[in-house]
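Residue-level structural notes
Each chain, letter by letter, is given below.
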Amino acid sequence: MPPKTKVIKQRELNFLEKLYIPEVIRGVCITSGHFFKNLTLHSLHRIGLLRHIAAAVTIMYPEIKRRYPHRYRTRHRLTKRDDGTPRCVACMMCETVCPAKCIYIVAEENPDPNIEKQPKTFDIDLGKCIYCGFCVEACPEDAIRMDTQIMNIAGYTRESMYYTKDRLLNPEREGDIVKPSGSLR
Ligand code: SF4
Ligand code: SF4
């Protein structure tokens, strides 16, 4: 037997509640309370008082950006060898594992006889990407990472969401980057 469904009747608003004025006043009082509390605390902190009580701090985004946690998955990049060439050996593991099928690689022969292949093209359609991070996990060469700290990935066109090898190798070129400690290589 299915469990009994409890029916809860919606309470009728009284006259004052229908005017919304008390609720508006209540909201203004709460906001003003926070404002004056923080203003007072920040003023007192300036003269060395009550420093043990924290006051709210606003980050002036987008001029100032907070660093995301170390393991947070941000925009992709392709890592480079010391000579600046991609570490990618075009093994297609990332393309194969990608559940959104948004990685497109064309392989070519690598001129270095010790390395079999390299990507002629390496594109990711970030308009389709679901940020699962499987590509990073699957890569045997640590050639793809999601540690650029770039989260501003919006675009006006579908084409602008298409990241080519050049863009993926040089994420710092597009600005809006919070550099992780250590250089991007
Ligand atoms: S994060 Fe996931 S969906 Fe995005 S490219 Fe990598 S494997 Fe594909
Ligand atoms: S990025 Fe890694 S997994 Fe993807 S093709 Fe290159 S070497 Fe293979």
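Everything discussed here concerns the structure shown above.
Read on for an overview of the structure. (Residues numbered from 1 in each chain as written. Chains lettered and ligands numbered in written order. Predicted model: local features only at pLDDT ≥ 70, side-chain atom pairs only at ≥ 80, totals over all residues. Heavy atoms only, no water.)

1. Things to note about the environment of Thr79
- Within the element layout of this structure, Thr79 appears in the loop between strand E1 (77–78) and helix H3 (93–97).
- A relative accessible area of 1% means that Thr79 is categorised as buried.
- Separated by 63 residues in sequence, Thr79 and Asp142 have C-alpha atoms that sit 7.4 Å apart.
- Separated by 2.7 Å, the side chain of Thr79 and the backbone oxygen of Asp142 make a polar contact. (Helix = DSSP H or I, 4+ residues; strand = E, 2+ residues; numbered from the N terminus. Buried < 20%, exposed > 50% of the residue type's maximum accessible area, 1.4 Å probe, protein only. Polar contact = N/O pair within 3.5 Å; in protein donor to acceptor, adjacent residues only side chain to side chain.)

2. So, the packing of aromatic side chains
- Tallying each qualifying case throughout the model produces 3 aromatic pairs.
- When the centroid spacing of 5.1 Å and the interplanar angle of 15 degrees are considered together, the rings of Tyr68 and Tyr72 count as stacked.
- For Tyr68, a relative accessible area of 27% corresponds to the partly exposed category.
- Seen from their ring centres, Tyr104 and Tyr162 are 6.0 Å apart, and the 10 degrees between their planes marks the pair as stacked. Of this pair, Tyr104 sits in strand E2 (residues 103–109) while Tyr162 sits in strand E5 (residues 162–163), and the two are 58 residues apart along the sequence.
- When its relative accessible area of 30% is taken as the criterion, Tyr162 is described as partly exposed. (Phe/Tyr/Trp six-rings, centres within 6.5 Å; stacked < 30°, edge-to-face > 60°.)

3. A look at the side chain of Gln149
- Along the polypeptide, Gln149 turns up in the loop between strand E4 (144–145) and E5.
- Residue Gln149 is classed as buried on the basis of its relative accessible area of 7%.
- From its side chain, Gln149 meets the backbone nitrogen of Tyr68 in a polar contact 2.8 Å long.

4. Considering the site of ligand 1
- Near ligand 1 there are 14 residues, and of these Cys98, Cys129, Cys132, Gly133 and Cys135 occur at the shortest range.
- A per-class count over the shell around ligand 1 returns 12 nonpolar, 2 polar and no charged. (Near = heavy atom within 4 Å. Nonpolar A, V, L, I, M, F, W, Y, C, P; charged D, E, K, R; others polar.)

5. Structural notes on the site of ligand 2
- As a structural note, the neighbourhood of ligand 2 is formed by 13 residues, with Cys88, Cys91, Met92, Cys94 and Cys139 the closest of them.
- Here the residues of the shell around ligand 2 are counted per class, giving 13 nonpolar, no polar and no charged.

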